Amino acid sequence: MTPETTIISCACGVQYERQERAIAIKDIGLFECVECGARMEIWSGRVVPVFKRIKSDAAPKRSA
Ligand SMILES: [Zn+2]
């Protein structure tokens, strides 16, 4: 069983890998872009998305 991975892009240019994962109990949650805070997805149920940011080599380095 290989989870299906899709690539989603935020309006700010950040990209995420998205996979779906089945869990034992119902969960409600939401995912917001870590960069700009835009709401990407809201879920409720026993299949929840998992997001992983894709690092872009082109992104300029910013010191915090
Ligand atoms: Zn964003």
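Values in this document were obtained by computation on a predicted structure and should not be read as measured data.

Peer 1: Which residues make up the sheet that holds strand β1 (residues 5–9), and what values do they have?
Peer 2: Across the sheet, which stays open at both edges, the 3 strands sit in the order β1-β2-β3 with antiparallel pairing between neighbours. Of all the strands in the sheet, the pair left with one neighbour each is β1 and β3 (39–53). Across the sheet, the mean angle from the axis of one strand to that of its neighbour is 40°, orientation sign disregarded. Note that β1 and strand β2 (residues 15–32) share 5 bridges and pair antiparallel. Counted as the bridge partner of Thr 5 is Gln 19 from β2.

Peer 1: Describe the coordination of the zinc ion, listing the residues and the values that go with them.
Peer 2: Within the protein, the atoms that donate to the zinc ion are Cys 10 (SG), Cys 12 (SG), Cys 33 (SG) and Cys 36 (SG), at distances of 2.3 Å. Metal-centred angles of 102 to 113° between the 4 donor atoms at the zinc ion mark the site as tetrahedral. A relative accessible area of 37% places Cys 12 in the partly exposed class.

Peer 1: Before we move on, can you summarise the pairing of β3 with the specific residues and values?
Peer 2: Where β2 lies against β3, 13 bridges are found, and the strand directions are antiparallel. By the bridge assignment, Arg 18 is partnered in β3 with Phe 51. Linking β2 back to β3 in an antiparallel pair, the connection comprises 6 residues, with Gly 37 at a positive phi of about 85°.

What counts as what
Residues numbered from 1 in each chain as written. Predicted model: local features only at pLDDT ≥ 70, side-chain atom pairs only at ≥ 80, totals over all residues. Heavy atoms only, no water. Pairing = 2+ DSSP bridges. Helix = DSSP H or I, 4+ residues; strand = E, 2+ residues; numbered from the N terminus. Axes fitted to C-alpha atoms, helices over the stretch in contact; angles between N-to-C directions. Donors = N, O, S within 2.8 Å, 3.2 Å for Na, K, Ca; no water. Tetrahedral: all angles 85-135°; square planar, octahedral: opposite > 155°, others 65-115°. Buried < 20%, exposed > 50% of the residue type's maximum accessible area, 1.4 Å probe, protein only.

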